[in-house]
Structure formats: C-alpha cells, structure tokens
Amino acid sequence: MNALLLSITAIICYVSGCVDTPELCCQWFLHKNLRSYGRGQSRFQVLYQEEGIPGLLKVYLLDVIKIFLTVLIGGWILGIHDHAVTGKVFALFCLEMGRMYPVTRRCVGSMGIKELLIGMVAVDSVSGVLVLLFFVAGAYFTRYLSLAGLIAALGAILGALVFIRAPMAVPMMIIIFVLMCFRHLNHLVRILQHKEPQLSRKTDLSYKFDENF
C-alpha cells in the first residue's frame, strides 16, 4: 500500500474527526451552546427532550453525513490500489482518533460512539447492523450509554472478524475498543460508584436550576 495514500487518508480523516460538527450546527441553527445540554445526563437525550426530532436533525444530520462520507473517502483513496475495504477501516480508525482525541482540544474529545455506529455501516452494512444491534441491546439492558458504546465496540471487533475481509480490520477495531475504554474510564468509575445517570425516557430538567437567571 502506498505510504502517501495512507498519509493523505490519515490527515483528512483525523482532521474531519477534530471538527465538532454538532457543536457548530447547534450554534448555527439553534443559536445555543451544545455544551449547555446534558449536565449530568446524556446530551443527546436532553437535546431530544428540549428540542425534539427537528432539533436533533439540525444538530446531528450534517455530522452523520460527514462521518459516512469520511469513511467512503478513505475507501476511495486506498481503492486506487484495490484496498477499498482497508481504506474504509483505516478512515474510521483515524476519524475515531480525531473525535476522541482531537489535537484542537488537548486530546479531550467525545466518546466516539456515534462515529463507530455510523462508520461501521459505511465500512460494511452487515457489520454495521451487528454493531447497531449490540449498541441497542447494551443500552436496553444496562441503561448506560458508555457501556452500550463499549459493547458496540466489541460488536465491531466481531463484525471485523467475521464479515470484513481486510488484514488490518480486526487489529484496528481492537485498538479502537481499547482507546474507547480509556476515553470512557471516568464514566466506568462513576458506574461502579452508582453515580452515572442512566438513560431514561423521563424528562429531567433539574440541571437548569444550576444556571444563572
């Protein structure tokens, strides 16, 4: 594989991951700071409770498209040498690194769950469905977003092992899982201490009482 093509893919996908598209969209379309949502709760959940489906689409739709296209671009670049699948996996890996450990924020980023779920669908549809099923099952039975994300990462390893025919697919998915464990470490500690909020359909806006009126 051409080192130049790998370098180009790595730069494009890592930079793409560093760009916090949901935060930008929240400022553009909702005129709010995305970090103001989800104090003590899942940001996605609180955003849904306050803004509904239209709000979620305004904030996350462009990010979903970006993730999908970023992975496809990696496949297209390395597909020049007939390594399209490897290119997609490598693109997802670099995208995850940029999202979880962005150099623009001193390597402190998001949990990388959304990128894994959408990116795996772009890499391989069957593996993507498997990862989504692992995530849904994890969220349903544990009620913890962090645990669901790590369970989905295990599903990605299984999907790479069974369905993705690329020599580096399994090692890259294992590295993603390990790095996600480090990224989720604080959440895992809070789960053990029974301090991590669980996913719920109920609206909890108590965090607003901490704001200055």
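Here, every reference points to the structure presented above.
Note that the structure is a prediction, hence the values are computed from the model and not measured.

Participant: Could you give an account of the overall build of the protein chain, with specific residues and numbers?
Facilitator: If you tally the helices and strands in the protein chain, you get nine helices and zero strands. Counting from the amino terminus, the protein chain carries its helices and strands in the arrangement α-α-α-α-α-α-α-α-α. Relative to its 213 residues, the protein chain shows a buried fraction of 45%. Considering only intrachain contacts with a sequence separation of at least 6, the fraction spanning at least 24 residues in the protein chain is 67%. Split by element, the accessible area of the protein chain, about 11,500 Å² in all, is 68% carbon and sulfur.

Participant: Can you explain the pattern of salt bridges? Please cite residues and give values.
Facilitator: Inspection of the entire model under this criterion finds six salt bridges. The partner of Arg99 in a salt bridge is Glu115, with the nearest N and O atoms 3.1 Å apart. One end of the pair, Arg99, is in helix H4 (residues 84–100); the other, Glu115, is in helix H5 (residues 113–123), with 16 residues separating them in the sequence. Taking relative accessible area as the criterion, Glu115 reaches 2% and is therefore assigned buried.

Participant: Describe the packing of H4 against helix H8 (residues 169–183), naming the residues involved and giving the relevant values.
Facilitator: Where H4 contacts H8, the two axes come as close as 10 Å, and the packing angle between them is 10°. Comparing their axes, H8 and H4 come out roughly parallel. Listed contacts from H8 to Val89, Phe90, Leu92, Phe93, Glu96, Met97 and Met100 of H4 are Ala169, Met172, Met173, Ile175, Ile176, Leu179, Met180 and Arg183. Here the residues of the contact of H4 with H8 are counted per class, giving 13 nonpolar, no polar and two charged.

Participant: Outline the packing of aromatic side chains, supporting the account with residue identities and numerical values.
Facilitator: Tallying each qualifying case throughout the model produces one aromatic pair. Summarising the aromatic geometry, the rings of Tyr140 and Phe141 are spaced 5.1 Å apart at their centres and angled 90° between planes, so their arrangement reads as edge-to-face. The residues Tyr140 and Phe141 share a single accessibility class, namely exposed.

Participant: Report on the nonpolar core, specifying residues and quantitative values.
Facilitator: Counting 34 residues, the largest nonpolar core has Val89, Leu116, Met120, Val131, Ile164, Met173 and Met180 as its most contacted members. Listing elements by their share of this core, those giving two or more residues are H4, H5, helix H6 (125–142), helix H7 (145–162) and H8. Here this core gets eight residues from one element, more than from any other, and that element is H4. Setting aside anything within four residues of it in sequence, one finds Val131 in contact with Leu116, Leu117, Met120, Ala152, Gly155 and Ala156. Counting seven residues, the second-largest nonpolar core is a separate cluster that includes Cys26, Leu30, Leu47 and Tyr60.

Basis of the calculations
Starting afresh in each chain, residues are numbered from 1 along the sequence in its written order. Only residues with pLDDT of at least 70 get local features here, since the model is predicted, and only at 80 or more are side-chain atom pairs given and counted; chain-wide, interface and lining totals rely on the full set of residues. The side-chain figures draw on all heavy atoms in the structure; neither hydrogens nor water molecules are used. Helix and strand assignments follow DSSP, with helices taken as H or I runs no shorter than four residues and strands as E runs no shorter than two, numbered in order from the N terminus. For each residue, the accessible area found with a 1.4 Å probe, counting protein chains only, is set against the maximum for its type, and the residue is called buried under 20%, exposed over 50%, and partly exposed in between. The contact definition used throughout considers only heavy atoms, calling two residues in contact when any of these lie within 4.5 Å. The accessible surface values rely on the Shrake-Rupley method and a 1.4 Å probe; as for residues, cover is taken only from the protein chains in view. For this analysis, a salt bridge means a side-chain nitrogen from Lys or Arg found within 4 Å of a carboxyl oxygen belonging to Asp or Glu. Structural elements are reduced to axes, namely lines fitted to C-alpha atoms, with helices fitted over the stretch in contact, and the angle between N-to-C directions of any two is expressed from 0 to 180 degrees. Working rule for angles: under 35 degrees goes down as roughly parallel, over 145 as roughly antiparallel, 65 to 115 as roughly perpendicular, anything else as oblique. Only Asp, Glu, Lys and Arg are considered charged, only Ala, Val, Leu, Ile, Met, Phe, Trp, Tyr, Cys and Pro nonpolar, and every remaining residue, Gly among them, polar. Centres within 6.5 Å are what make two rings of Phe, Tyr or Trp a pair, Trp counting through its six-membered ring; a difference in plane orientation under 30 degrees is then read as stacked, over 60 as edge-to-face, and the rest as tilted. We define the nonpolar core as a collection of buried residues of types Ala, Val, Leu, Ile, Met, Phe, Trp, Tyr and Cys that are connected through side-chain atoms lying within 4.5 Å of one another.

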